[in-house]
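Residues per chain, in single letters:
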Amino acid sequence: MLKTRYTIAYVALMTLVVVASNFLVQFPLNVEVGGVNLADILTWGAFSYPVAFLITDLTNRQFGPQAARKVVFAGFVVGVTLSFFTSVPRIAIASGSAYLAGQLLDIAVFNRLRRQAWWRAPLIGSLIGSALDTVMFFSLSFAAFFVFLGPNEPFALEAAPVLGIFAAEAPRWISWAIGDFAVKMIVGLVMLLPYGALMNVLRPMQPARVS
């Protein structure tokens, strides 16, 4: 019964993060840093989405990988449904696929490292999961190769200086991906603070198993 209540709470939190991220992705980050206009490469959604890894890791720590996967799948259903209503099918497919793959990889990595130093499993799991999420989402959404998922976006494919500051040029979506992953790394580090604070409150309620 207690596990059910906690799982429902985790599902609710994951749903909130997914909904918030889908909303915030519409708003560019209108800040300039070192001559770089972050609005060209980042939205506020990049800051809220990594919280999903914290929720997954806390679920995994407390109840194990099976419960964590249930929470992830619940978020997947919500995310895909929202994406199909708020964006084009190609973006919806990319978003759902990237979310699912990244979160499941995080669960697997976390579970392998959970018996090591307390910070290693959540940090490495979230970073590796975030890397896969970023590569899949931006590639499926904008790379010309994946045109079979939907029409290419000409603006995303235009060559531009990487991050708007380097001499080397690349399709704009490359800079978007780099900026997105940089934020995920920073937020992943910050999320160690609430994870560490909650460790002694949300203790494992079943023996950890590698699966």
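Relevant structure appears above.
What counts, and at which threshold
- Residues numbered from 1 in each chain as written.
- Predicted model: local features only at pLDDT ≥ 70, side-chain atom pairs only at ≥ 80, totals over all residues.
- Heavy atoms only, no water.
- Helix = DSSP H or I, 4+ residues; strand = E, 2+ residues; numbered from the N terminus.
- Rg over C-alpha atoms; globule rule 2.2 N^0.38 Å.
- Buried < 20%, exposed > 50% of the residue type's maximum accessible area, 1.4 Å probe, protein only.
- Expected span 1.5 Å × (residues − 1).
- Contact = heavy atoms within 4.5 Å.
- Phe/Tyr/Trp six-rings, centres within 6.5 Å; stacked < 30°, edge-to-face > 60°.
- Salt bridge = Lys/Arg side-chain N within 4 Å of Asp/Glu carboxyl O.
- Core = buried A, V, L, I, M, F, W, Y, C linked by side-chain atoms within 4.5 Å.

1. Regarding the overall build of the chain
- Counting secondary structure elements, the chain contains nine helices and four strands.
- From first element to last, N terminus to C terminus, the chain shows the α and β order α-β-β-α-α-α-α-α-α-β-β-α-α.
- The C-alpha radius of gyration computed for the chain amounts to 18 Å, which stays within 12% of the reference 17 Å derived for 211 residues, consistent with globular compactness.
- Overall, the C-alpha framework of the chain stretches about 50 × 35 × 25 Å when taken along its three principal axes.
- A buried classification covers 43% of the 211 residues belonging to the chain.

2. Here we look at helix α8 (residues 172-190)
- Taking 1.5 Å per residue as the helical rise, α8 with its 19 residues ought to reach 27 Å, and the 28 Å between its terminal C-alpha atoms agrees with that figure.
- Packed against the buried residues of α8 are α2 (45-48), α6 (120-142), α7 (154-157), β3 (159-161), β4 (169-171) and α9 (192-198).

3. Focus: the environment of F84
- Of note, F84 is situated in helix α4 (residues 65-86).
- Taking the C-alpha atoms as reference points, F84 and M136, separated by 52 residues in sequence, lie 18 Å from one another.
- The residues touching F84, leaving out its near neighbours within four places in the chain, are P89, A92 and I93.

4. A word on the packing of aromatic side chains
- Here the structure, examined in full by the defined rule, presents 14 aromatic pairs.
- Ring geometry for Y6 against F63: centres 5.9 Å apart, planes inclined by 55°, an arrangement best described as tilted. Here the residue Y6 occupies a position in helix α1 (residues 2-24), and F63 occupies one in helix α3 (residues 51-63), the gap between them amounting to 57 residues.
- Given the relative accessible area of 2%, F63 is considered buried.
- Seen in terms of ring centroids, F145 and F148 are 6.4 Å apart; in terms of plane orientation they differ by 85°. Their pairing is edge-to-face.
- Residue class for F145 comes out exposed when judged on its relative accessible area of 65%.
- Residue F148 is classed as exposed on the basis of its relative accessible area of 60%.
- Grouped by ring-pair contacts, the aromatic residues F137, F138, F142, F155 and W176 constitute a single cluster.

5. Points about the pattern of salt bridges
- Applying the stated criterion across every chain yields a total of three salt bridges.
- E158 is paired through a salt bridge with R172; the nearest N and O atoms lie 3.3 Å apart. One end of the pair, E158, is in the loop between α7 and β3; the other, R172, is in helix α8, and 14 residues separate them in sequence.
- Of the residues examined, E158 reaches a relative accessible area of 36% and is grouped as partly exposed.
- A salt bridge links K184 to D180; its shortest N-O distance comes to 2.9 Å. With K184 and D180 both in helix α8, this residue pair falls four residues apart, about one helical turn. The exposure classification of K184 matches that of D180, with both residues buried.
- Among the ionic contacts, a cluster of salt bridges with common partners joins D133, D180 and K184.

6. Digging into the nonpolar core
- Y10, M14, F138, W173 and W176 are the most contacted members of the largest nonpolar core, which has 46 residues in total.
- For this core, the elements supplying multiple residues, two or more each, are α1, α3, α4, α5 (89-113), α6 and α8.

7. Thoughts on the environment of F137
- Residue position: F137 is located in helix α6.
- Separated by 97 residues in the primary sequence, F137 and D40 place their C-alpha atoms 18 Å from one another.
- Here F137 is in contact with I91, A94, S95 and A98, once residues within four sequence places are set aside.

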